[in-house]
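Chain and residue survey
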Amino acid sequence: MKTSPFSLDKWLRFFTNWEAMAEGFTRTLVIALLSLTLALAVGVVLGILSSSNNKALRRAVRCYVELFQNIPLVIQIYFFYYVLPYAGVVMDQFAIGVLGVGLYTGAYISEVVRTGIQSIPTGQMEAAKSQGFTYVQAMRLIILPQAFRLILPPLTNQAVNLIKNTSVLAIIAGGDLMYQADSLAASKLFYGPAYVTTGLLYFILCFPLSTMARKLEQRMHRKAAAPVAVSKKAPAQTLAAPQTQMGGI
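Note that the structure is a prediction, hence the values are computed from the model and not measured. (Residues numbered from 1 in each chain as written. Predicted model: local features only at pLDDT ≥ 70, side-chain atom pairs only at ≥ 80, totals over all residues. Heavy atoms only, no water.)

Another aspect to go through is a positive patch on the surface. The grouping of Arg 149, Arg 219, Arg 222 and Lys 223 at the surface amounts to a positive patch. The element best represented in the positive patch is helix α9 (residues 191-225), accounting for three residues. Looking at where Arg 149 falls in the secondary structure, it is placed in helix α7 (residues 135-165). Given the relative accessible area of 48%, Arg 149 is considered partly exposed. (Patch = residues over 30% accessible without salt bridge, like charges linked within 9 Å, V, L, I, M, F, W, Y side chains within 5 Å. Areas by Shrake-Rupley, 256 points an atom, 1.4 Å probe, with all protein chains shown as cover. Salt bridge = Lys/Arg side-chain N within 4 Å of Asp/Glu carboxyl O. Lys, Arg positive; Asp, Glu negative; His and termini not counted. Charge placed at Lys NZ, Arg CZ, Asp CG, Glu CD. Helix = DSSP H or I, 4+ residues; strand = E, 2+ residues; numbered from the N terminus. Buried < 20%, exposed > 50% of the residue type's maximum accessible area, 1.4 Å probe, protein only.)

Written out as structure tokens, the structure reads:
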């Protein structure tokens, strides 16, 4: 007689192996945090470069974005794990996870940043330059702070996608949460408990972020719909106020 994959006995025996799941959860969390840091750094830099007036830089960024967005992440992970060693580049599964997921997500974040920057009126940059700001100063002090408020909701959604994408590391025995679930399911036949618990743990990581993204987006829509009060005491020549519309995002 076959035993149910959700039988009480399997749940009890599964929780005696909680150390493996805890280790996988911790590893997934660390990889996600480091990958997100890398993705933000890559995305912000490429987003700024793709908004510049230099055509060569814009084309180079476009090549990067198209390459990483149009090749499945699983193939990119296989490339880092199986192909790069032939070129003398050998990395462990942890490094591959951080680099692979970070570079992949960075391509998407760069598009979010580019759209946010381009949603700021061009008069902002022109006014900044007329006041003596360099391009870098204007971008750092004027454009990016305004764009950040516009792109925060989609950035949060990208963080959610990044966490879920770490599960592909199971294919190279990355020691992540999904790998530990697969190992327990295959070795001890804990299919039901392992995958249900794994799904709940991913939910615990992703749900707060997705909820925050939804609330931020709703708040921005309310601000965009609210009437703007114009002060009679405002100076005649100032930089334009930060825009609250979503633009192309």
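Let's shift gears to the packing of helix α2 (residues 18-49) against α7. The N-to-C vectors of α2 and α7 enclose an angle of 140 degrees; their axes lie 10 Å apart at closest approach. One finds that α2 runs oblique with respect to α7. Handedness of the crossing formed by α2 with α7: right-handed. Of α7, the residues touching α2 (which contributes Ala 32, Ser 35, Leu 36, Ala 39, Leu 40 and Ile 48) are Tyr 135, Met 139, Leu 144, Leu 155, Ala 159, Leu 162 and Ile 163. Of the residues belonging to the contact of α2 with α7, the class tally is twelve nonpolar, one polar and no charged. (Axes fitted to C-alpha atoms, helices over the stretch in contact; angles between N-to-C directions. Parallel < 35°, antiparallel > 145°, perpendicular 65-115°, else oblique. Left-handed = near helix turned anticlockwise from the far one by under 90°. Contact = heavy atoms within 4.5 Å. Nonpolar A, V, L, I, M, F, W, Y, C, P; charged D, E, K, R; others polar.)

Moving on, we come to the packing of aromatic side chains. Overall, the coordinates contain eleven aromatic pairs when judged by the stated rule. Taken together, a centroid distance of 5.8 Å and an interplanar angle of 25 degrees make the contact between Trp 11 and Phe 15 stacked. Residue Trp 11 and its partner Phe 15 are located together in helix α1 (residues 8-15), separated by four residues, close to a single helical turn. We classify Trp 11 as partly exposed; its relative accessible area is 21%. Residue Phe 15 is classed as partly exposed on the basis of its relative accessible area, which comes to 46%. Ring centres of Phe 14 and Phe 190 lie 6.1 Å apart, and the angle between their planes is 85 degrees; this geometry places the pair in the edge-to-face category. Highlighted residues: Phe 14 in helix α1 and Phe 190 in the loop between α8 (177-188) and α9, separated in sequence by 176 residues. When sorted by exposure, Phe 14 lands in the same class as Phe 190, which is buried. Feature note: the residues Trp 11, Phe 14, Phe 15 and Phe 190 constitute an aromatic cluster, connected by ring pairs. (Phe/Tyr/Trp six-rings, centres within 6.5 Å; stacked < 30°, edge-to-face > 60°.)

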